[in-house]
Structure formats: structure tokens, C-alpha cells
Amino acid sequence: MKTEVISNITRDMKDSLTDFQLNKLKESLIVNFRNVELIIKTDEIKHQEDLKENNRMINSFISSKEIEGCSKRTIRYYTEIIHKFIKCFDKSIKNINTEEIRNYLSEYKENNSCSSITIDNIRRVLSSFFSWLEDEDYIIKSPVRRIHKIKTAYMVKETLTDENLEKLRDECRNIRDLSLIELLISTGMRVGEIVNLNINDINFEDRSCIVLGKGNKQREVYFDAKTKIHLKEYLAKRNDNNESLFVSLRKPHQRLSISGVELIVRNIGNNTNINRVYPHKFRRTLATMAIDRGMPIEQVQKLLGHVKIETTMHYAMVNQNNVKISHRKFIA
């Protein structure tokens, strides 16, 4: 077997080396292979090793995202997309090329009848994964680098009107739900931030609280006097020892989960016949109202905890009537 391998190597190098160099190479191979045992791997063994290496690389990437401080929901999203992607390629990740990824995205969109936004989100996850593989020297160049951002139709997302907010307040059947709605309205917190709040995080004197946002970054948010009154009333009626700010109404009064808050808000919205009410809608509403009333965009950015100001602009929809008034004031 060794003789066959040496012959194959010298034959492959015949056109690149002189006879003298070729003989030297052959002598070196004979010496170095003397105490080496060669094993010819079957295609099946290579295939299984490729699959194991794929899993190792994926797990290492996910671990790096956890270290970066990505939320559990983000980690699950990345994991699901990458594993679904890899299942379509029965080979090493290192051998996947740009054209195959393009075909995958195209077929995914067609088979699942999903929007361009969903496909671009998948592209972003794959881009992050393959860029990490490149940075870690698993691959020479990311095959996603040549796949550009997918153009998506810009949709103006709904916000809640003042009338909608009053209807939601009136529909709250208990002080906990009312306090929750008021806190969402006045702070624009992410649902993941609000469920992690503890009672001790609330500063009633300054009407503020410290929340842990994306990337494990802390920021201070503020609430109004109405929220303060409802929160104090809610806490005064609590008879449990849970440190969480919002807990279930029934024993053992456990901390509300993200899905729990989403369900509460959705049910209140359904009872008022307001179209699609969910926690993130309050966040967009706050951003829009703040900018609409003259709050500098940089301050809104800080209030929402955005790293990029472009993200804040995407959230905020300026009132068209104010645009009309400004046009008449400054231009017309």
C-alpha cells in the first residue's frame, strides 16, 4: 500500500520536478513512511467523518454566539436555520459553494411560499455562519459573500393610536395586566426585557428601571406617573415572595414567560377588536410618538437600546400630518 501511495505521489509530481528532485522526493517518502501505517478510508467512513465535523463546526459557532451574549431565542433561531440548511447537503460544509446556497434560498422560498424578508433573514444567518468559518480558518472564503442583500418591499407597520391605547387600558381585568400594559406603553421595552425585571429593579422615586437588553447590555428606561401608581397598587396586592415584577395570578405565582406576556397582550387586543396587538407593537408606537413629538432621534435610539440609528428610524413612522405641517412651515 505504501509503495502504491509513493508511486502515485511521484507520478503526480513528475511534470513539476526535475529527475533529481523527483528521486529526492521518493527517497524522503520512503524514509518518512517507514514507521507509518496507512489506512484506506472507504467513502462511507469519509462521509461519516464529514457529518461529525459539520456538527462540531455548528456547535462551535453557536457557542461563540452564546459568548457574544445573544438571547436564547436568537440562539434557537440560528440553530434551527443552520441545521435545516445542512440537512439539504449530504456533504462537508467546507465543500458547499455559492451556487448551491443560491439554489437553496430560491427553492426554500418557492417550497415554503415565504416572503423575501424571511429569505433575507436566512441569508443573514448563513452569512454570519460562513463568515465565522472563514475567520476561524475552516474555509478560505465565505461562499455567501457574493450573495447580496435581498430586496424586500418596504411595509409601513401599524402603530397603536391614542384611542387604541385607551381601549386596551379599559379592557384590562386586573391590576397586573393594567400595570403590564402601562409599562409597555411608557417604556417601549422588549418583551424579553420586561419578563426579566425584578421588583428591586424598579426605582419609584426616579420613575425608572434598569433593564438587560440585547448583548447583555444594561440601559435605563423611564415610565410615567400613571404607570408608577398602577405598579405600586399591583405590588401592594401581591401576597407572594417571588422577586419577579410580573408573576402568574395563580399559585405558585411563577415569573411570567415571554409567551405568557404575549398571550395576555393578545387576549386583551382580541377583546377590543384591535388588529394584531403584540408586545413589540408598543415599542414601535413609543418610537413613533417620541419622534412625532420632537424627541431627538439620538435620544430615542438610546431609549430603545439600539446600536445603530438606522434601526431606530426603521421602527419609527413619522405622522404624515406632521410632515404636511412641516412642509408648509419650512418649504411651501
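Caption draft 1: Inspection of the overall build of the protein chain at higher detail. Across its full length, the protein chain carries 15 helices and three strands. Compactness check: the protein chain gives a C-alpha radius of gyration of 29 Å against a globular reference of 20 Å for 332 residues, more than 25% above the reference. Considering only C-alpha atoms, the protein chain reaches an extent of 90 × 60 × 40 Å along its principal axes. In the protein chain, buried positions account for 39% of the 332 residues. Considering only residue pairs separated by 6 or more positions, the protein chain has 58% of its internal contacts joining residues 24 or more positions apart. Entry remark: accessible area of the protein chain is about 21,100 Å², with carbon and sulfur atoms responsible for 49%. When the 56 basic and 45 acidic side-chain charges of the protein chain are each reduced to a single mean position, those positions are 4 Å apart.

Caption draft 2: Inspection of helix α11 (residues 258–272) at higher detail. Across its 15 residues, α11 extends 22 Å between first and last C-alpha, which sits within 8% of the 21 Å expected from 1.5 Å per residue. Listing the buried residues of α11 in full gives V261, I264, V265, I268, G269 and T272. Looking straight down α11, one finds that the buried residues subtend no more than 130° of arc, so they occupy a single side. Packed against the buried residues of α11 are α7 (162–171), α8 (175–187), α9 (191–195) and α12 (279–292). Just past α11, the residue N273 takes up positive phi, approximately 60°.

Caption draft 3: Structural context of helix α13 (residues 297–304). For α13, every residue scored as buried is listed here: I297, V300, Q301, L303 and L304. Looking down the long axis of α13, one finds its buried residues gathered within 165° of arc, a one-sided arrangement.

Caption draft 4: Looking closely at the packing of α8 against helix α10 (residues 225–237). For the pair α8 and α10, interaxial distance at closest approach is 9 Å and the crossing angle is 150°. One finds that α8 runs roughly antiparallel with respect to α10. In the packing of α8 onto α10, the handedness of the crossing is left-handed. Contact residues: α8 offers I175, R176, L178, S179, E182, L183 and S186, while α10 offers K226, T227, H230, L231, E233, Y234 and K237. Looking at the contact of α8 with α10 residue by residue, the class counts come to five nonpolar, four polar and five charged.

Caption draft 5: How the structure looks around the pattern of salt bridges. Taken as a whole and judged by the stated rule, the model has 20 salt bridges. The residue E99 makes a salt bridge to R102 at a minimum N-O spacing of 3.7 Å. Taken as a pair, E99 and R102 lie in helix α5 (residues 98–112) at a separation of three residues, close to a single helical turn. For E99, a relative accessible area of 44% gives the class partly exposed.

Caption draft 6: Layout of the side chain of D120. With respect to the helices and strands, the residue D120 is situated in helix α6 (residues 116–135). Only 2.7 Å separates the side chain of D120 from the side chain of R123, close enough to count as a polar contact.

Caption draft 7: Representation of the nonpolar core within the structure. If you look at the biggest cluster of nonpolar residues, it comprises 36 residues, and the most contacted ones within it are L183, M189, I194, L197, L245, F246 and F282. Secondary-structure elements contributing two or more residues to this core are α7, α8, α9, β2 (208–212), α10 and α11. When residues of this core are assigned to their parent elements, the largest contribution, seven residues, is made by α8. Ignoring any residue separated from it by four or fewer positions in sequence, one finds I194 in contact with L180, L183, L184, M189 and F246. V125, L126, I139 and V144 belong to the second-largest nonpolar core, a separate cluster that totals 29 residues.

Caption draft 8: Region of interest: the pairing of β2. In this sheet, β2 lies alongside strand β1 (residues 202–203) in antiparallel orientation, the contact comprising two bridges. If you follow N203 over to β2, its bridge partner there is S208. If you look at the hairpin formed by β1 and β2, you'll find four residues sitting between the two strands, and R207 has a positive phi there, around 55°. Inspection of the sheet shows β2 paired to strand β3 (residues 218–222) by five bridges, in the antiparallel sense. Counterpart to L212 in the pairing with β3 is Q218. Hairpin geometry of β2 and β3 is characterised by an intervening segment of five residues between the two adjacent antiparallel strands and by a positive phi of about 70° at G215.

Cut-offs applied
- Residues numbered from 1 in each chain as written.
- Predicted model: local features only at pLDDT ≥ 70, side-chain atom pairs only at ≥ 80, totals over all residues.
- Heavy atoms only, no water.
- Helix = DSSP H or I, 4+ residues; strand = E, 2+ residues; numbered from the N terminus.
- Rg over C-alpha atoms; globule rule 2.2 N^0.38 Å.
- Buried < 20%, exposed > 50% of the residue type's maximum accessible area, 1.4 Å probe, protein only.
- Contact = heavy atoms within 4.5 Å.
- Areas by Shrake-Rupley, 256 points an atom, 1.4 Å probe, with all protein chains shown as cover.
- Lys, Arg positive; Asp, Glu negative; His and termini not counted.
- Charge placed at Lys NZ, Arg CZ, Asp CG, Glu CD.
- Expected span 1.5 Å × (residues − 1).
- Arc of directions from axis to C-beta.
- Axes fitted to C-alpha atoms, helices over the stretch in contact; angles between N-to-C directions.
- Parallel < 35°, antiparallel > 145°, perpendicular 65-115°, else oblique.
- Left-handed = near helix turned anticlockwise from the far one by under 90°.
- Nonpolar A, V, L, I, M, F, W, Y, C, P; charged D, E, K, R; others polar.
- Salt bridge = Lys/Arg side-chain N within 4 Å of Asp/Glu carboxyl O.
- Polar contact = N/O pair within 3.5 Å; in protein donor to acceptor, adjacent residues only side chain to side chain.
- Core = buried A, V, L, I, M, F, W, Y, C linked by side-chain atoms within 4.5 Å.
- Pairing = 2+ DSSP bridges.

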